[in-house]
Every structure is written in structure tokens, then in C-alpha cells.
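This is what each chain is made of:
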Amino acid sequence: MEDRTVILTTLNEAWAAPNSILDLFLESFRIGDGTRRFLKHLVIVALDKKAFLRCVAVHTYCVALTTEGVDFSAEAYFMTPDYLKMMWRRIDFLRSILEMGYNFIFTDADILWFRNPFPRFFEDADFQIACDHFLGDPYDIQNKPNGGFNFVKSNNRTIQFYKFWYSSQAMYPGYHDQDALNFIKFDPFITDIGLKMRFLDTMYFGGLCEPSKDLNQVCTMHANCCFGLDSKLNDLRMMLEDWKDFMSLTPRLKRSLHLSWRVPDKCSLEALIQYGSPANNAHAQWYGSPANNVR
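About the thresholds
- Sequence order as written defines residue numbering, which begins from 1 separately in each chain.
- This being a predicted model, a pLDDT of at least 70 is required before a residue's local features are given, and a value of 80 or more before pairs of side-chain atoms are given or counted; all residues contribute to the totals for chains, interfaces and linings.
- Just so you know, side-chain values use all the structure's heavy atoms and leave hydrogens and water out.
- When a carboxyl oxygen of Asp or Glu lies within 4 Å of a side-chain nitrogen of Lys or Arg, that pair is called a salt bridge.
- Secondary structure follows DSSP: runs of H or I at least 4 residues long count as helices, runs of E at least 2 residues long count as strands, and numbering of each begins at the N terminus.
- Exposed residues in this analysis have more than 50% of their type's maximum accessible area, buried residues have under 20%, and partly exposed residues fall in between, with area computed by a 1.4 Å probe over protein chains only.
- Nonpolar core, defined: a set of buried Ala, Val, Leu, Ile, Met, Phe, Trp, Tyr and Cys residues in which side-chain atoms within 4.5 Å join the residues together.
- Note on contacts: a residue pair qualifies if any of its non-hydrogen atoms lie within 4.5 Å across the two residues.
- Any two strands between which DSSP finds at least two bridges are classified as paired.
- The convention used is that axes are lines fitted to C-alpha atoms, helices contributing only their stretch in contact, and that angles between N-to-C directions extend from 0 to 180 degrees.
- Aromatic pairing here means that ring centres of Phe, Tyr or Trp (its six-membered ring) are within 6.5 Å. Orientation follows from the plane angle: under 30 degrees is stacked, over 60 is edge-to-face, and everything else is tilted.
- Note on geometry: a ring has a charge over it if NZ (lysine) or CZ (arginine) is within 6 Å of the ring centre and within 35 degrees of the ring normal.
- Cysteine sulfur pairs qualify as disulfides if the two atoms are within 2.5 Å.

K.L.:
Which parts of the structure should I look at to understand the pattern of salt bridges?
P.N.:
When the charged atoms of two side chains with opposite charge come close together, those side chains can pair. Here the structure, examined in full by the defined rule, presents 14 salt bridges. Here Arg90 ties to Asp108 by a salt bridge, and the two come within 3.9 Å at their closest N and O atoms. Of the two residues, Arg90 is situated in helix α4 (residues 81-99) and Asp108 in the loop between β4 (103-107) and β5 (111-113); the sequence distance between them amounts to 18 residues. Of the two residues, Arg90 and Asp108, both sit in the buried class.

Structure, rendered in C-alpha cells:
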């Protein structure tokens, strides 16, 4: 984009396979309200060779990002060692994007885009992030963020923040990046560097943890709080079907019917019980990153 903003997502072979996450992700841009134009700004970061080959077959802008000695091609289950390596590799990669002078929207590939998100972003924020659970105040650091969707401006504050975030894995071994963020967001370092952090309203940036209630307002929907690729695919397909039904209505009916999502369906919070973070399983059931998420 003109302001050096790129849209980034990462995926591996499991999510890039035909009729899997990638196809649904790209379809949402094509059928969303004014979102098709963002495809020319979307860079897909492939974590393995097969994901890269599949990417170049269906999309224009693909980058290969590999990690020596690590195979990211298989489905990575929530909180396993491979999952943690992928999450922290992503944070380090995003830091490098900021150092190159690019702003970015990072979006998990299991997030469907239905409207232009930029009007819902805060102009004065350095770092703004979607939530599993939004408490009503975008300034409240008690909000429960989800690292699967964020808009970050490139400046010295965000570069320092991403370095600090990445280094926090040593302070919180066995935790993923999102849990670490929930710890470090209270750290005085954030205030010291002057980082302006904002939390995005689930009315516009919803998910299965806390769905957006109004299809007239929703920008994105995330298949979070969901364990298992098959369950995730089922609920993503249902979201696309619900959106198509909504878009087929007249403007008057869109405003008057107050339609909502049929999801979550096969995705359920109960399935996350045994996959919580080491310190607090109950917390992770509700606020944790999506299970087997490759992000």
C-alpha cells in the first residue's frame, strides 16, 4: 500500500492443502464487502516447501520461511513443542518486517475477511490487537488479546516491543507468544518506551470465542477457541455460507433482520480443556490461542 503497509499470514502444508484453510481464507477476500482489493497487498509466508508450492499455485505473493532443523509441515497441535516453535518464529519474523520499515496487518489464515478493517483501527496506536474477550474499553490492558490479528506501525517503539516480546520466551518457558503477551502487557517497559497499545472490539473483529453479533458491522471472524482441523474447517465454511446468505439480502432486510452466525458449531471450548497453558488450563480454555493453529 502507499503507506508501506502489507498484510501477512503464515501457513504450513496442512493448512495450504486444497480445500483446506487457505482456500477459505482467500475466498473470504473475494466475497467480502470491498475486500478483494486487499489481495494484491497480501503476502503469504509459507513455513515449508509444500505450502510454498501450493501458495504460488493460487496466489501472487508468496515467501518461503524455513527454520533449520524444524519440520513445520504437519498439523501442529496446541501447546506442543512444534506449535510453540512456530509461534515464536512468527514473532521474530514480524520484528524483521518492522525493521525493514513496513507496517503490517498480521492475520491468521483461519480468519475470514468480510469488510475493510482500516476504518476501525485507531489512528494514534502503535500496536492494536484483536481479542478473545473484549471488556468494552480499547485502552484496558485487562482485555484478553489474540495474537492472530494485529495492526502494527513500524517505528522505534514497536521494534523495541517486538524484541522484548520475543525475549520473553526465556522468562516464560513453555508458554506461547499470546500467553507471554498477557504477562508483558503489564510490564513497566511498555510504558517506558511509550508504546500506544489498543485492543480491538469483537463487534468488528469477532471470533468463535466471542462472535461479532452484527453482520452489518463485522470486519473479520476468527476460528479461534477451536480444536482440530476438521472442526475448524466446518465452522469456517458455515461462516462463509452465513455471509453469502447475508449479502444476498436487500439493504433494508440486512438492517432489519438482525441476522447472526450459526457458529460455533463443531468448534467447542470443552475440547480445549486438556490443551491449556502450563500455569492455568481453565484460563486457556477460554482465552487461549486456537488449537492446532498454525497462524
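More follows now that the structure is in view.
K.L.:
Help me out: how do you make sense of the nonpolar core in this one?
P.N.:
Where a protein is soluble and globular, its nonpolar side chains tend to be buried together. Counting residues in hydrophobic clusters, the biggest one holds 50 residues, and the most contacted among them are Phe25, Leu42, Trp113, Phe149, Phe205, Met239 and Trp261. At eight residues, helix α8 (residues 229-247) tops the list of elements feeding residues into this core. Every residue in contact with Leu42, bar those within four places of it in the chain, is listed here: Ile7, Thr9, Phe25, Leu26, Phe29, His59 and Tyr61. Counting residues in each nonpolar core, the second largest holds 34 residues, with Val6, Leu98, Phe104 and Ile184 among its members.

K.L.:
How do you make sense of the environment of Val45 when you look at a structure like this?
P.N.:
Within the secondary structure layout, Val45 lies in strand β2 (residues 42-46). Accessibility expressed as a relative area gives 1% for Val45, which makes it buried. Separated by 19 residues in sequence, Val45 and Ala64 have C-alpha atoms that sit 5.8 Å apart.

K.L.:
Before we go on, may I ask you to explain the sheet that holds strand β10 (residues 220-222) in this structure?
P.N.:
For sheets, the rule is that strands pair by backbone hydrogen bonds, running either parallel or antiparallel. Taken in spatial order, the three strands of this open sheet run β5-β10-β9, and their pairing is mixed. The open sheet has two free edges, formed respectively by β5 and β9 (205-207), since each of these has just one partner strand. This sheet shows a mean twist of 20° between the axes of neighbouring strands, independent of strand direction. For β9 and β10, the ladder comprises three bridges, and the chain directions are parallel. From the neighbouring strand, Phe205 faces β10, where its bridge partner is Thr220.

K.L.:
What's the story with the packing of aromatic side chains in this structure? I'm lost.
P.N.:
Ring pairs (aromatic) are described by centroid distance and by the angle formed between their planes. If you walk through the whole model with that rule in mind, you get 26 aromatic pairs. Residues Phe104 and Tyr162 carry aromatic rings whose centres are separated by 6.0 Å and whose planes lie at 80° to one another, so their mutual orientation is edge-to-face. Taken together, the residues Phe104 in strand β4 and Tyr162 in helix α5 (residues 156-171) connect sequence positions 58 residues apart. Note on accessibility: Phe104 and Tyr162 belong to one class, buried. With a centroid separation of 5.3 Å and 55° between ring planes, the pair formed by Tyr162 and Trp165 is classed as tilted. Residue Tyr162 and its partner Trp165 are located together in helix α5, separated by three residues, close to a single helical turn. The two residues Tyr162 and Trp165 agree in class, both being buried. What links up through ring pairs into an aromatic cluster is the set Phe25, Phe29, Phe38, Trp113, Phe118, Phe121, Phe149, Phe151 and Phe205. The residue whose ring lies beneath Arg4 is Tyr102, and the NZ or CZ to ring-centre distance is 4.1 Å. The ring of Phe246 is capped by Lys254, whose NZ or CZ atom sits 5.4 Å from the centre of that ring.

K.L.:
What am I meant to see in the state of the cysteines here?
P.N.:
Simply put, the disulfide is a covalent bond whose two ends are the sulfur atoms of two cysteines. The final tally for this structure, using the stated rule, is three disulfides. The disulfide partner of Cys55 is Cys62, and the gap between their sulfur atoms is 2.0 Å. Disulfide Cys55-Cys62: torsion about the S-S bond near -85°, hence left-handed. What pairs with Cys209 in a disulfide is Cys225, and their sulfur atoms sit 1.9 Å apart. When the S-S torsion is 95°, as for the bridge of Cys209 with Cys225, the disulfide is right-handed. Of the two residues, Cys209 is situated in the loop between β9 and β10 and Cys225 in the loop between β10 and α8; the sequence distance between them amounts to 16 residues. In this pair, the class of Cys209 matches that of Cys225, namely buried. Cysteine pairing for the protein chain (bonded cysteines numbered in sequence order): 1-2, 3-4, 5-6.

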